[in-house]
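If you want the building blocks of each chain, they are given just below.
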Amino acid sequence: MDFKYDVIVIGGGHAGCEAAAAAANLGSKTCLITMDMNKIGQMSCNPAVGGIAKGQIVREIDALGGQMGLVTDETAIQFRILNRSKGPAMWSPRAQCDRAKFIWSWRERLENTPNLHIWQDTVSELLVENGEVTGLVTLWGVTFKAKCIVLTAGTFLNGLMHVGRHQLPGGRMAEPASYQLTESIARHGIAYGRMKTGTPVRIDARSVHFDLMDTQDGECDFHKFSFMNTSTRHLKQLQCWTCYTNEEVHRILREGLPDSPLFNGQIQSIGPRYCPSIETKIVTFPDKEQHQLFLEPEGETTQELYLNGFSSSLPMDIQIAALKKIPAFRDIVIYRPGYAIEYDYFDPTQLKHSLESKIIRNLFFAGQVNGTTGYEEAGGQGLIAGINAHINCHGGEAFTLARDEAYIGVLIDDLVTKGVDEPYRMFTSRAEYRILLRMDDADMRLTERAYRLGLAKEDRYQLMKSKKEALDQIVDFAKNYSMKPALINDALEKLGTTPLRQGCKLIEVLNRPQITIENIAEHVPAFQRELEKATAADSDRKEEILEAAEILIKYQGYIDRERMIAEKLARLESIKIKGKFDYTLKDTFMGFHCGNTASTKLAFCSMKYQMIMARTLPEEVTQGTLEGDIVPGDITFYRLQSTSDAKLRGYIAEGEVLPVATRSFGSIGIFAIPEMGRFYRHVLVEKNYPHHGAVAFGHFGKPLFEVFKMLGVEVDEIGYNQPKGVRYPTENPWG
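As the structure is a computational prediction, the values presented were derived from the model and not from experiment.

1. Remarks on the overall build of the chain
Move 1: For the chain, the helix and strand inventory stands at 21 helices and 29 strands.
Move 2: By the burial criterion, 59% of the 735 residues in the chain qualify as buried.
Move 3: Total accessible area on the chain is roughly 29,900 Å²; 50% of this is exposed by carbon and sulfur atoms.

Structure follows, in structure tokens:
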């Protein structure tokens, strides 16, 4: 047996599975090393895939030729679209899965992937020569050689589990931790830290009084995760249930806080803010009388249930006693208690956007080891790491995704530029271009790129092309077909919308909120025929195509505006600023505080101190850092107020701040402000306040066009438009 590979992936979780499948499918000789082949793709916490923004990531993984969407569709026992009450940019698919079948679906795929070998073992040491990874050594003493290695070890690196005051080493319940590997990597100068996560109690369904709970049913329409032409539901569809905690539950939980690892000092690391334990909820929100819980099935035939919303590391007797105060759980029997786990992660700002280490060449990191939380975030990173590991082996340009291309691009850009100080979870609010990143068009955004790369195969590419042709045909017909009032007004009134006073194009009628493609087609025979014609080659996907077409028609104006903003940003990406500014100078930047209600002048202060918290200095105008909770979209909603400072008004007109370059810059960024309603003026943005920003007016108080001159960039290259007759002062406006 030959232990030499192009790519070795360490860890068989969601990141590792996608990384190994991607590298192997692209043609690299690949080995996946996992502790337990029977736990490949294990869902360590909730047996569910998707959710807000996470579902979009899974759709993107699928559009790129990844496997998570297919595995999820194959093993789903309940499917829902979340956020239906909001616009399509917020719609997010989510599925409950059969935990055991999910594992075996993944294993079957990996075992039958050409170029991919699986080795059951634990990695203990990384081999590095001259700053480049060359291989690894396992606990069994086997030495592997590799051109590239992808680390996806999840929570197993020096994992330590907590239930009350009891502590047990392990990477997951009843599974050993991985030792020595963190230290082997850190030896080469890679910084690491500790994080914490947790999981709730597992309940025996035979002990639950379901009649005392509300039911939550799934949906059985055409929606699914994969864009491939597969059947929609493969397994029996099951219910979920909901109930609430109460004051008695909270009282017992509070009494147990002295023995809580989170509150007695036993756990020092930071846990996920957006998935708090039940004890954290009652401490953080003491005024809340109840918290909602979701009881979810773990599989099609098992009695094991997952109690979503009750993650805990309290002593087992406290967990059980508290749950028994909920009527539905008065006779509760559990399989195992909830527990917390601490583990090592590596600072992701030490990575390139390809997820390759900046310190050790050909070493890639993906998943929870980068400080993220969630199967979907892990899978997206694993896919990109696997692709780029293959590229490093065989040559080519790094494969990266921009913030306006994919949530995966937002995720990785946030990680490598901002870093993490808590487990990172994706939300739609983290993406400033979320109208462009909808769940319905991930294939339109990404499949062609994956096809050129070789990861998306011909059948996937042809499905995408066929869908695009159908969409274009439907939209073009709607733009050109004329509607006559006499023929359509009766139908419009029945549909609850105003009749036409004069003729118009069909697309104008479709833009009305009461009108859908489905309800108007019944009254416009020509449109009905065109829909049938457009979807004839894809009759199995007709509903999917019509939904996508309707979104394109109704939201085209918003989509075009967001695309314009993204393209303006793209024009700035080649401008290099690293090394061009002396951040230690007192008056390098100045500006004012942009709050929701006021603009307040900032005192001059040293950029040296403002930059202390910055993790990376930006190389490009559109790349940098953001601190805390500030996201690029925050500043979009700020409204500048008038000020008594006439000179300041000379720089900023009243009105809304418009984002020309809303990206994760943080310390340095580009925005545009409408001045006198006639033109855009580019300004640097310094964000150094939580939830606020400070707009800076160039270098040494000069307008930004002079800063660009200093950088050697022609004004015309960035689309700067200085109106005739307007001259900006170049002196410090505040003396």
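From this point, the discussion proceeds with the structure in view.
2. What to know about the confidence of the model for the chain
Move 1: Mean pLDDT over the chain stands at 82; residues scoring 70 or higher make up 77%.
Move 2: Contacts of residues 581-708 to residues separated by more than four positions or lying in other chains number 335 contacts, the stretch itself having pLDDT below 50.

3. Things to note about the sheet that holds strand β3 (residues 48-50)
Within a sheet, adjacent strands bond to each other through the backbone by hydrogen bonds, running parallel or antiparallel.
Move 1: Taken in spatial order, the three strands line up as β3-β5-β4 in an open sheet, and their pairing is antiparallel. Only two strands of the sheet have a single partner each, and these edge strands are β3 and β4 (76-82). Across this sheet, the average inter-strand angle for adjacent strands is 15 degrees, counted without regard to direction.
Move 2: Both β4 and strand β5 (residues 92-97) contribute to a ladder of six bridges, which runs antiparallel. Among the inter-strand pairings, Phe79 is bridged to a residue of β5, identified as Ala95.

4. Some words on the nonpolar core
Move 1: Counting residues in each nonpolar core, the largest one holds 106 residues, and the members touching the most others are Ile8, Leu110, Ile149, Val150, Leu151, Phe365 and Ile408.
Move 2: The element that contributes the greatest number of residues to this core is helix α9 (residues 375-394), accounting for nine residues.

5. Some words on helix α16 (residues 525-534)
Move 1: By the burial criterion, the buried members of α16 are Ala526, Phe527, Glu530, Leu531 and Ala534. An end-on view of α16 places all buried positions within 140 degrees of arc, on one side of the element. Those residues of α16 that are exposed and aimed more than 90 degrees away from the buried face are Pro525, Arg529 and Lys533.
Move 2: Of the surrounding elements, those touching the buried residues of α16 are α12 (458-480), α14 (506-510), α15 (517-521) and α17 (542-554).

6. A look at the packing of aromatic side chains
Move 1: Counted by the stated rule, this structure contains 13 aromatic pairs.
Move 2: Pairing Tyr451 with Tyr461 gives two aromatic rings, centres 3.8 Å apart and planes at 5 degrees, and the pair type is stacked. Note that Tyr451 is positioned in helix α11 (residues 442-453) and Tyr461 in helix α12, a separation of ten residues in sequence.
Move 3: Taking the relative accessible area as the measure of exposure, Tyr451 reaches 29% and is therefore partly exposed.

7. Considerations on the environment of Arg194
Move 1: Along the chain, Arg194 turns up in strand β12 (residues 192-204).
Move 2: On a C-alpha basis, the gap between Arg194 and Gly159 in space is 9.5 Å, while along the polypeptide they are 35 residues apart.
Move 3: Among the polar contacts listed, one links the side chain of Arg194 to the backbone oxygen of Asn158, at a separation of 2.8 Å.
Move 4: Side chain to side chain, Arg194 and Asp344 meet in a polar contact 2.9 Å long.

8. Some points on the pairing of strand β2 (residues 30-34)
Move 1: Most of β2 is tucked away: five of the five residues are buried.
Move 2: Side chains Thr30, Leu32 and Thr34 project from β2 onto one buried face, and the interleaved Cys31 and Ile33 project onto a second face that is buried too.
Move 3: Relative to β2, strand β1 (residues 4-10) is paired through four bridges, and the arrangement is parallel. Within β2, the residue paired with Val7 across the bridge is Thr30.
Move 4: Regarding the hand of the β-α-β motif, the stretch spanning β1, helix α1 (residues 14-25) and β2 is right-handed.
Move 5: Pairing of β2 with strand β6 (residues 116-120) involves five bridges; the strand directions are parallel. Bridging from a neighbouring strand, Leu32 pairs with Ile118 of β6.

9. Re the packing of α1 against helix α4 (residues 99-111)
Relative placement of two packed helices is described by the angle separating their axes and the distance separating the axes.
Move 1: At a closest axis distance of 11 Å, the pairing of α1 and α4 adopts a crossing angle of 20 degrees. Judged by the angle between their axes, α1 and α4 are roughly parallel. At the point where α1 passes α4, the crossing takes the left-handed sense. Contacts between α1 and α4 involve His14, Cys17, Glu18 and Ala21 from the first element and Phe102, Trp106 and Leu110 from the second.
Move 2: Taken together, the residues that form the contact of α1 with α4 break down as five nonpolar, one polar and one charged.

10. Remarks on unusual backbone geometry
Move 1: Even without a glycine there, the phi angle at Asn83 is positive, about 65 degrees.
Move 2: When its relative accessible area of 19% is taken as the criterion, Asn83 is described as buried.
Move 3: Although it is not a glycine, Asn362 sits at a positive phi angle of roughly 65 degrees.
Move 4: When you line up the elements, Asn362 lands in the loop between β18 (339-346) and β19 (363-365).

11. Remarks on the packing of α9 against helix α10 (residues 407-418)
Move 1: Two elements in contact, α9 and α10, have axes separated by 10 Å at closest approach and are oriented at 85 degrees. Judged by the angle between their axes, α9 and α10 are roughly perpendicular. Judged by residue contacts, Glu377, Gly380, Gln381 and Ile384 of α9 engage Ile408, Leu411, Ile412 and Leu415 from α10.
Move 2: The residue makeup of the contact of α9 with α10, split by class, is five nonpolar, two polar and one charged.

12. Details of the environment of Glu175
Move 1: Checked against the element boundaries, Glu175 lands in the loop between β11 (166-169) and α5 (181-186).
Move 2: Under the relative-accessibility criterion, Glu175 is labelled buried at 10%.
Move 3: The sequence separation of Glu175 and Met35 amounts to 140 residues, and the corresponding C-alpha distance is 8.9 Å.
Move 4: Dropping the residues within four chain positions of it, Glu175 is found in contact with Lys39, Phe156 and Gly170.
Move 5: Here Lys39 takes part through its side chain, which lies 3.2 Å from a polar atom of the side chain of Glu175.
Move 6: Only 2.8 Å separates the side chain of Glu175 from the side chain of Arg172, close enough to count as a polar contact.

13. Digging into the state of the cysteines
Move 1: According to the stated counting rule, one finds zero disulfides in the structure shown.
Move 2: The closest cysteine sulfur to the non-disulfide-bonded Cys393 is located on Cys148, 3.8 Å from its own sulfur.
Move 3: Cys393 sits in the buried class, given a relative accessible area of 14%.

14. Comments concerning the environment of Asp344
Move 1: Its location among the elements puts Asp344 in strand β18.
Move 2: Spatially, the C-alpha atoms of Asp344 and Met195 are 6.4 Å apart, while their sequence positions differ by 149 residues.

So, how was this worked out
Within every chain, residues take consecutive numbers counted from 1 along the sequence as written. Whole-chain, interface and lining totals are the exception, using all residues; otherwise, since this is a predicted model, local features are given only for residues with pLDDT of at least 70 and side-chain atom pairs are given and counted only at 80 or more. Note: side-chain values were computed over all heavy atoms of the structure, leaving out hydrogens and water. Numbering of helices and strands runs from the N terminus; a helix is a DSSP stretch of H or I covering at least four residues, while a strand is a stretch of E covering at least two. Whether a residue is buried, partly exposed or exposed follows from its accessible area with a 1.4 Å probe, protein chains only, as a fraction of its type maximum: under 20%, in between, or over 50%, in that order. All accessible-area figures derive from a Shrake-Rupley calculation using a 1.4 Å probe, and residue coverage is judged against the displayed protein chains alone. Predictor confidence is given residue by residue as pLDDT, running from a minimum of 0 to a maximum of 100. The contact criterion used throughout is that any non-hydrogen atoms of two residues lie within 4.5 Å. Following DSSP output, two strands are said to pair if at least two bridges run between them. Each axis is a line fitted through C-alpha atoms, and for a helix only the stretch in contact is used; angles between axes span 0 to 180 degrees, taken between their N-to-C directions. Joining through side-chain atoms within 4.5 Å is the link that ties buried Ala, Val, Leu, Ile, Met, Phe, Trp, Tyr and Cys residues into a set, and such a set is a nonpolar core. Think of the arc as the fan of directions from the helix axis to the C-beta atoms. Stacked, tilted and edge-to-face are the three classes assigned to paired rings of Phe, Tyr and Trp, where Trp is represented by its six-membered ring and a pair needs centres within 6.5 Å; plane angles under 30 degrees give stacked, over 60 edge-to-face, the rest tilted. Think of a polar contact as two N or O atoms within 3.5 Å of one another; within protein, one of them needs to be a possible hydrogen donor and the other a possible acceptor, and neighboring residues in sequence only count if both atoms come from side chains. A clockwise path from the first strand over the helix to the second, with the strands pointing away from the viewer, defines a right-handed crossover. Should an angle fall under 35 degrees it is taken as roughly parallel, and over 145 as roughly antiparallel, whereas 65 to 115 is taken as roughly perpendicular and any remaining angle as oblique. Left-handed is the label given to a crossing in which the near helix is rotated counterclockwise from the far helix by less than a right angle, and right-handed is the label when the rotation is clockwise. Asp, Glu, Lys and Arg are counted as charged, while Ala, Val, Leu, Ile, Met, Phe, Trp, Tyr, Cys and Pro are counted as nonpolar; the rest, among them Gly, fall into the polar class. Our working definition of a disulfide is a cysteine sulfur pair at a distance within 2.5 Å.

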